Amino acid sequence: MKGVRHYPGFLAVTLLCLVVLYAPLLVIMAYSFNGSTSITTWGGFSLRWYAEVFTGPEAERFGQAAWNSLTIAVMAATASTAIATAAAVAMIRGGAFRGKRATFALINMPLMVPEIVTAVATLIFFAMIGLTTGYLTILIAHVTFCIPFAYLPIAARLQGIEGHYEQAARDLYASRWQAFRLVLLPLMAPGVVSGYLLAFIISLDDFIITNFVKGAGMETLPTAIFGSVKQGIKPNIMAISTLMLAVSILFVTLSYLINRKGRKSP
Amino acid sequence: MAGLVPEQTADASGDGYRRIVGPLLLPTWVMIGIFLVLPVALMAVYSFLTKEFRGGVDWQFSLAAYDQFFLNRGLFGDEPPVMEWTYITIFWRSIWQAAVATALCLAIGFPTAWFIATRPAATRGVWLFLITIPYWVNLLIRTVSLKFLIRDNGPLNEALMGIGLIDGPLPLVNTNLAVQLGLFYSYLPFMVLPVYAAVERYNFAYSEAAADLYASRWVTLREIVLPIVKPGIIAGCLLVFIPSLGAFLAPDLLGGAKTFMIGSLIDEQFKGSLGNWPFGAAVSMILMTLVMIALLIYARTSAKGGAA
């Protein structure tokens, strides 16, 4: 008898779960180092597809797409984190106010509405106000749907910070802005960084909404990859995927470590 | 963590932020209000407009989009209307695919969540981290990877043939199963996390009491554990079911013409001159209504459960 927590087979299912989650990613990583031109046979270890990504015929197209993705992600994450930080301070530190529940629903709305519906609605809106679809429309859409992703870790962090620190600062004649900048902001920094990183990843990953509002000729990395994959999975796509995978994992690991460190410190 | 901290109010930190709540929230209201709420309202209006042939709309009230969805009036629109099943079938198929994916996620996700929640506190974080990493990897890349793995002469079929389990490749791609697998793979972490949160709060003294009274493990699981962690399970099911319903990538990349789902149907209406914007808007409205109904039912049941 191993106690009531133990269920035979649950470990096996957990391992199966991990295999299912990781097998496709590991396979595509492995095959990105395949030296053969055919995606089905293994031709020895090689970095040729990585070289192809940076110098091959599609390098310019993917390079431009990567640049668009990156700049949009940086700007969308910065804007949505700033907006979400202000919102979190108001929601957690603002006491009771009229419309608080409605505001909470509003912040979470991008998570509730199915992505494809958001995509359609946004496209219709931009078409109607006559804004040409392209870089700017993608950026606006990204800032909007990144807000809840940035908000959640920031609000969670803020909820765990006692009010005494700011109170003490205020008692010592700090202005409201000084108390925020010198006391509260450093304390909530791990949540803010975490929110920023998540918003960044979410923006970088988005396909559906971007695909609707990007307009002709404009590509981000996911839409460029999607376009290529439609004609079959080529090895250079696997190399790009592996690079993106590495970036995602790096960011999530950073976010995890910062959060863990943050939880220990105050 | 939260339990140790006294309830935060504005008074605890002085009324510092109370007076500037409006300015602090203004950017949020503006961004989500103008770029999400307003567009959704506009989409509702568009679904009642007349289609223009080059894509876009004529500002003339029309029920044509909903008519096209539910009724068939023959090729020239002059026959008596009969029920149109094409789109309802697509919706029904989407609901079915999403339901199967949800069931798969639950079957794998529940034992996983249970296993993680019963680890020592120190290692739980690592397990959870392992489960969440794939969620942050680009969904498109994950879907492409899955397609690469399960395609006819892909590594999975080669391996299965290599060990002699099958003679010829299993035709997995372009089947319903492939789409279900894709949805399952896309949203599995959404099931594990809420179920984990529920199991972690579960008081194992109940299980011990049941065991003392000679209940077997599985009877305990069914009669004691499941009713208690049900809110977590329902939350997980919704988090998998809702995005699956409107999914685009998995059905588009892993499925074929016979596995057409709502996402692709909507997508088609906005592509090039063959599109039909009011119809696309109407399909989106119907999809959103379904999702809102599911969320409302959830809010009702969880409000009841929370009171108990």
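Above this text is the structure in question.
Residues numbered from 1 in each chain as written. Chains lettered and ligands numbered in written order. Predicted model: local features only at pLDDT ≥ 70, side-chain atom pairs only at ≥ 80, totals over all residues. Heavy atoms only, no water.

Draft legend 1. The packing of aromatic side chains, seen in detail. Residues and elements named next belong to chain A. Summed over the entire model, instances satisfying the criterion amount to 34 aromatic pairs over all chains. An angle of 10° between the planes, with centres 4.7 Å apart, marks the rings of phenylalanine 200 and phenylalanine 251 as stacked. Of this pair, phenylalanine 200 sits in helix 8 (residues 176-205) while phenylalanine 251 sits in helix 11 (residues 235-264), and the two are 51 residues apart along the sequence. The two residues phenylalanine 200 and phenylalanine 251 agree in class, both being buried. (Phe/Tyr/Trp six-rings, centres within 6.5 Å; stacked < 30°, edge-to-face > 60°. Helix = DSSP H or I, 4+ residues; strand = E, 2+ residues; numbered from the N terminus. Buried < 20%, exposed > 50% of the residue type's maximum accessible area, 1.4 Å probe, protein only.)

Draft legend 2. Examining the side chain of A:Thr81 more closely. Residues and elements named next belong to chain A. Along the polypeptide, threonine 81 turns up in helix 3 (residues 59-93). Threonine 81 sits in the buried class, given a relative accessible area of 5%. Within the structure, the side chain of threonine 81 is placed 2.5 Å from the backbone oxygen of alanine 77, a separation counted as a polar contact. (Polar contact = N/O pair within 3.5 Å; in protein donor to acceptor, adjacent residues only side chain to side chain.)

Draft legend 3. The environment of A:Glu52, seen in detail. Residues and elements named next belong to chain A. Here glutamate 52 lies in helix 2 (residues 48-55). C-alpha of glutamate 52 to C-alpha of asparagine 236: the two residues are 184 residues apart in sequence and 6.6 Å apart in space. Beyond its immediate chain neighbours, meaning those up to four positions away, glutamate 52 contacts Pro57, Ala59 and Asn236. (Contact = heavy atoms within 4.5 Å.)

Draft legend 4. Geometry of the interface of chain A and chain B. Each partner contributes residues to the interface: chain A has 97 residues there, and chain B has 95 residues. Carbon and sulfur atoms make up 78% of the area that chain A and chain B hide from each other, which totals about 9,000 Å². Taken together, the links from chain A to chain B amount to one salt bridge. A salt bridge links B:Asp252 to A:Lys230; the nearest nitrogen and oxygen atoms lie 2.6 Å apart. The element best represented in the side of chain A that touches chain B is helix 1 (residues 10-32) of chain A, accounting for 16 residues. Each residue belonging to the side of chain A that touches chain B can be placed in one class, and the counts come to 70 nonpolar, 18 polar and nine charged. (Buried area = accessible area lost by both parts, 1.4 Å probe. Salt bridge = Lys/Arg side-chain N within 4 Å of Asp/Glu carboxyl O. Nonpolar A, V, L, I, M, F, W, Y, C, P; charged D, E, K, R; others polar.)

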